[in-house]
Amino acid sequence: MIFQFLLPITSAFCLRSWRCCGTLCMLGLFIQSFLGCLQIKVILICLYSGYTSEQVFAFQSLTQYYTNQMALCVQNHANVLPIDTSNEFPGYACLLGHILETARAALSQPDCSFEMAIDLAAVTTFLLESLPPIKSSSRESSTVGEDDMTIGDEVVEITLDDNLERQITNAVDSCFLLQLANVLFGGISTVCGSHNEGPDDKEVAAVAVACAFLHVTFNTLPLERIMTILAYRTELVPVLWNFMKRCHLNQKWSSFAERFSYLLGDAPSWLLPLSVFCPVYKHMLMIVDNEEFFEEEKPLSLKDFRCLIVILRQALWQLLWVNPSAHPSSGKSVSNTFARKRHPIEATQNRVGTVATELLSQLQDWNSRQQFTPHTDFHADGVNDFFISQAAMEGTKACDILKQAPFLIPFTSRVKIFTSQLASVRQRQGAHGVFPRNRFRIRRDHILEDAYNQMSALSGEDLRGLIRVTFVNEFGEEEAGIDSGGIFKDFMEDITRAAFDVWYGLFKETSDHLLYPNPGSGMIHEQHIQFFHFLGTLPAKLYPLQGLLIRHNVTL
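Note that the structure is a prediction, hence the values are computed from the model and not measured.

Comments concerning the overall build of the protein
Working step 1: A tally of regular secondary structure across the protein gives 25 helices and six strands.
Working step 2: The 556 residues of the protein split such that 49% are buried.
Working step 3: Sequence-distant contacts in the protein: of pairs separated by 6 or more residues, those separated by 24 or more amount to 74%.
Working step 4: By element, 53% of the accessible surface of the protein is carried by carbon and sulfur atoms, the whole surface being about 27,800 Å².

Below is the structure:
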């Protein structure tokens, strides 16, 4: 009765703009959430007096009660959400747009409580999870069916109204993120205390809602607008690292499942922190220089880096090998809403597998520049004979890991896998397999360029065949001699010797006399990228010849 009585009145006040849909949704939800008549009268009087809905609900007493009621009921009682008026104006999206704007006003108040920030983050997370991904310049255009929702046997594409979409994306700006982070992390220390002391209830609650909100935000909103703010202007990275480090050292991760069961289910609690920490920290490392990283040890100490590598390595091995996703994404992140809603845990696992791989690979690059931890720290503990035998076979789970995260597998194990693959090829071809014969004419003073031009023209099948080399002297005359194998071996060794010579410009040398790719190689050789690719094919040709390997000290 109350709702039927107030509906025409609230509509009259709210139809001043397209935002009426969101305001009406909020008022309807208030009534369905058993708000008292007095509070409804206060809201209507304020609206009639010229206040915007955001200003009205930003009043401390109204906002705190409103958000708390929603946080309690919205997840378990979806029927309280307003009925959609159209595909362009879903009720949950209109409600989300106004809650985000209301949250900005509420979070800016000096007396905004920690509990209110927790409830606001929880409600917006639930509503954001229902949105289709909002496209930006950094996202690929969606193909047919990418952002579809299935209703029975019918597929309905969800496309938000442009103004509604703009309201949501504009609301999650730098000001909103800073205000939310300040309220959530304001009383939490970023300095790791005693390792025997786990996070308290307040810290667990703050980390849980922050990670859940940002995890869903990363899947929904354009990343370029929020990554820099999170990385450089909030305490997100130090707070998350302090939390993750203590949980790891205590071998006990605090559970988030009670509040965010629709995202996690019974999945490990380290999933959400890693899904947020990895991309934000990877973004932060993009502009860190060597002095900050190795000398000033910013943003983490080198000792903390070693701990982080262990956490990432163990999590990645768990996700990729021990308990892989039941619905693998075939190397792609699960970004469409329908797939995430049907398999939320698998989608989160796939995302963490991707971002953890990217960050661990980036840390390995830093370790290659200047070693701060043994290379073995990147190696997974479970690489055994069974894994090696599986990795040698195309299409297996172990083979996919070898391609996605090769740093998890020790070099000696990769050599065994490669040897096994060679043996399989020979077995398929047969003992008397016919391979093509190739003849090269190589100038002594242009050995690398001639080798590149002639070997790059060969297919993979041709490279398996015999290659006979004839050297040409400085006068253009062929040198005497018949290549029965020895000249070719000398030829391959001469190539590698020339390519890895620092004077040639493809590589530079560290203080420990280890070689690494020259960042300025493109200024010396126009085809430097092609040269590096060519050098990568040489071991495949060298190793089958009596197990020859390139004997140069290259940083891994």
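Let's talk about the confidence of the model for the protein
Working step 1: Looking at the protein as a whole, the pLDDT averages 75, with 69% of positions reaching at least 70.
Working step 2: The low-confidence segment residues 1-50 (pLDDT under 50) makes 77 contacts with residues lying over four places distant or belonging to another chain.

As for empty space enclosed by the protein
Working step 1: Evaluated as defined, the whole model comprises four cavities of 30 Å³ or more.
Working step 2: The leading source of residues in the lining of the largest cavity is helix α9 (residues 174-185), at five residues.
Working step 3: Class assignment of the residues belonging to the lining of the largest cavity gives a composition of ten nonpolar, one polar and no charged.

Notes on the pattern of salt bridges
Working step 1: Tallied over the entire structure, the rule returns nine salt bridges.
Working step 2: Taking the shortest distance from any N to any O, the salt bridge between Arg 443 and Asp 450 comes out at 2.9 Å.
Working step 3: By relative accessible area, which is 37% here, Arg 443 ends up partly exposed.
Working step 4: Classification of Asp 450 by relative accessible area gives buried; the value is 8%.

Looking at the side chain of Ser 269
Working step 1: Inspection of the secondary structure assignment puts Ser 269 in the loop between α13 (261-264) and α14 (271-285).
Working step 2: Residue class for Ser 269 comes out buried when judged on its relative accessible area of 11%.
Working step 3: If near-sequence neighbours (up to four positions away) are discounted, Ser 269 is found in contact with Trp 253, Ser 254, Ser 255 and Phe 256.

Looking at unusual backbone geometry
Working step 1: In this model, Lys 298 is joined to Pro 299 through a cis peptide bond whose omega is 0°.
Working step 2: A positive phi angle, close to 55°, is found at Gln 251, a residue other than glycine.
Working step 3: Tracing the chain through its elements places Gln 251 in the loop between α12 (236-249) and α13.
Working step 4: In the Ramachandran plot, Glu 297 falls in the positive-phi region, its phi being about 55° despite a non-glycine side chain.
Working step 5: Inspection of the secondary structure puts Glu 297 in the loop between α15 (290-295) and α16 (302-322).

Considerations on the pairing of strand β3 (residues 437-443)
Working step 1: Here β3 shows one buried face, formed by Asn 438, Phe 440 and Ile 442, and one open face, formed by Arg 437, Arg 439, Arg 441 and Arg 443.
Working step 2: Pairing analysis gives seven bridges linking β3 to strand β4 (residues 466-472), with the strands arranged parallel. In the sheet register, Arg 437 faces β4, and the bridge partner there is Leu 466.

Notes on the nonpolar core
Working step 1: Residues Ile 168, Leu 184, Phe 277 and Tyr 281 are the most contacted members of the largest nonpolar core, which totals 118 residues.
Working step 2: The element that contributes the greatest number of residues to this core is α16, accounting for 13 residues.
Working step 3: Each of domain 1 (28-133 + 160-190 + 197-327 + 344-369) and domain 2 (379-430) accounts for three or more of the residues forming this core.
Working step 4: For Leu 184, the residues in contact, after removing those within four places along its chain, are Phe 114, Ala 117, Ile 118, Ala 206, Val 209 and Ala 210.
Working step 5: Ile 447, Met 455, Phe 491 and Leu 535 belong to the second largest nonpolar core, which has 25 residues in total.

Side note on the environment of Asn 163
Working step 1: By secondary structure assignment, the location of Asn 163 is in helix α8 (residues 162-171).
Working step 2: Overall, the relative accessible area of 36% leaves Asn 163 in the partly exposed class.
Working step 3: For the pair Asn 163 and Glu 88, spaced 75 residues apart in the sequence, the C-alpha separation amounts to 10.0 Å.
Working step 4: Polar contacts involving the side chain of Asn 163 include one to the side chain of Arg 166, which spans 2.8 Å.

Description of helix α7 (residues 114-128)
Working step 1: Taking 1.5 Å per residue, 15 residues should reach 21 Å; α7 reaches 21 Å between its end C-alpha atoms and fits that length.
Working step 2: Counting buried residues in α7 gives 14 out of 15 residues, a clear majority hidden from the surface.

Some details on the packing of aromatic side chains
Working step 1: Evaluated as defined, the whole model comprises 20 aromatic pairs.
Working step 2: Centroid distance Phe 176 to Phe 213: 5.9 Å. Interplanar angle 55°. Geometry classified as tilted. In this pair, Phe 176 is assigned in helix α9 and Phe 213 in helix α10 (residues 201-220), connecting sequence segments 37 residues apart. The pair formed by Phe 176 and Phe 213 is uniform in burial state, with each residue classed as buried.
Working step 3: Cluster of aromatic residues (ring-pair linked, three or more members): Trp 241, Phe 277, Tyr 281, Phe 293, Phe 294, Phe 305, Trp 366 and Phe 372.
Working step 4: Its guanidinium or amino end placed over the ring of Phe 471, Arg 444 lies 3.7 Å from that ring's centre, counting from NZ or CZ.

Focus: helix α20 (residues 397-404)
Working step 1: Inspection of α20 places Ala 398, Cys 399, Ile 401 and Leu 402 among the buried residues, and these make up the whole buried set. On an axial view of α20, the arc spanned by its buried residues comes to 155°, and they lie on one face.

Observations regarding a nonpolar patch on the surface
Working step 1: Taken together, the side chains of Tyr 232, Met 286 and Ile 287 make up a nonpolar region of the molecular surface, amounting to roughly 340 Å² of accessible area.
Working step 2: By the element assignment, Met 286 lies in the loop between α14 and α15.
Working step 3: Taking the relative accessible area as the measure of exposure, Met 286 reaches 57% and is therefore exposed.

Quick look at the packing of helix α6 (residues 91-107) against α8
Working step 1: Orientation of α6 relative to α8, taken along the N-to-C sense of each, is 30°, at an axis distance of 9 Å. Considering the relative orientation of α6 and α8, their crossing is left-handed. Every residue of α8 that contacts α6 at Ala 93, Cys 94, Leu 96, Gly 97, His 98, Leu 100, Glu 101 and Arg 104 is listed here: Leu 164, Gln 167, Ile 168, Asn 170 and Ala 171.
Working step 2: A breakdown of the residues in the contact of α6 with α8 according to their chemical character gives seven nonpolar, four polar and two charged.

Definitions and cut-offs
Going along each chain's sequence as written, the residues are numbered from 1 onward. Per-residue local features are limited, in this predicted model, to residues with pLDDT of at least 70; the limit for side-chain atom pairs, both in listing and counting, is 80 or more; totals at the level of whole chains, interfaces and linings are taken over all residues. The side-chain values count all of the structure's non-hydrogen atoms but skip hydrogen atoms and water molecules. Helix and strand assignments come from DSSP, with helices taken as H or I runs of at least 4 residues and strands as E runs of at least 2, each series counted from the N terminus. The rule is simple: take the accessible area with a 1.4 Å probe, protein chains only, and divide by the maximum for that residue type; under 20% is buried, over 50% is exposed, in between is partly exposed. Whether two residues are in contact is decided by their heavy atoms, any of which lying within 4.5 Å being enough. Using a 1.4 Å probe, accessible areas were evaluated by the Shrake-Rupley method; residue-level cover was limited to the displayed protein chains. pLDDT runs from 0 to 100 and stands for how confident the predictor is about each residue. Using only the protein atoms, space was sampled on a 1 Å grid; points where a 1.4 Å probe fits but cannot get out form cavities, open sets with protein on both sides within 12 Å along at least five of seven lines form pockets, and lining residues are those with an atom within 4 Å of a point. Grid points are joined across faces, edges and corners, and a volume is the space filled by probe spheres set on the points. Each residue receives one of three labels: charged for Asp, Glu, Lys and Arg, nonpolar for Ala, Val, Leu, Ile, Met, Phe, Trp, Tyr, Cys and Pro, and polar for the others, Gly being one of them. Criterion for a salt bridge: a side-chain nitrogen of Lys or Arg within 4 Å of a carboxyl oxygen of Asp or Glu. A pair of strands is labelled paired if DSSP reports no fewer than 2 bridges between them. Definition of nonpolar core: a set of buried residues of the types Ala, Val, Leu, Ile, Met, Phe, Trp, Tyr and Cys, connected through side-chain atoms within 4.5 Å. The domain limits used here are those given by an automatic or database domain assignment. Any N or O atom pair separated by 3.5 Å or less is treated as a polar contact, with the protein-specific requirement of one donor-capable and one acceptor-capable atom, and with residues adjacent in sequence counted only for side-chain atom pairs. Here, expected helix span is obtained from the residue count minus one, scaled by 1.5 Å. Within 6.5 Å between ring centres, the rings of Phe, Tyr and Trp (the latter by its six-membered ring) count as paired, and their orientation is classed by plane angle as stacked under 30 degrees, edge-to-face over 60, tilted in between. Sitting over a ring, as applied to charges here, requires NZ of Lys or CZ of Arg to be within 6 Å of the ring centre and within 35 degrees of the ring normal. Our arc is simply the arc of the directions from the helix axis toward the C-beta atoms. Each patch is assembled from residues with relative accessible area greater than 30% and no salt bridge, linking like charges that lie within 9 Å and nonpolar side chains (Val, Leu, Ile, Met, Phe, Trp, Tyr) that lie within 5 Å. Fitting a line to C-alpha atoms yields each axis, with helices limited to the stretch in contact; the angle taken between N-to-C directions then spans 0 to 180 degrees. With the far helix as reference, a near helix turned anticlockwise by less than a right angle produces a left-handed crossing, and one turned clockwise produces a right-handed crossing.

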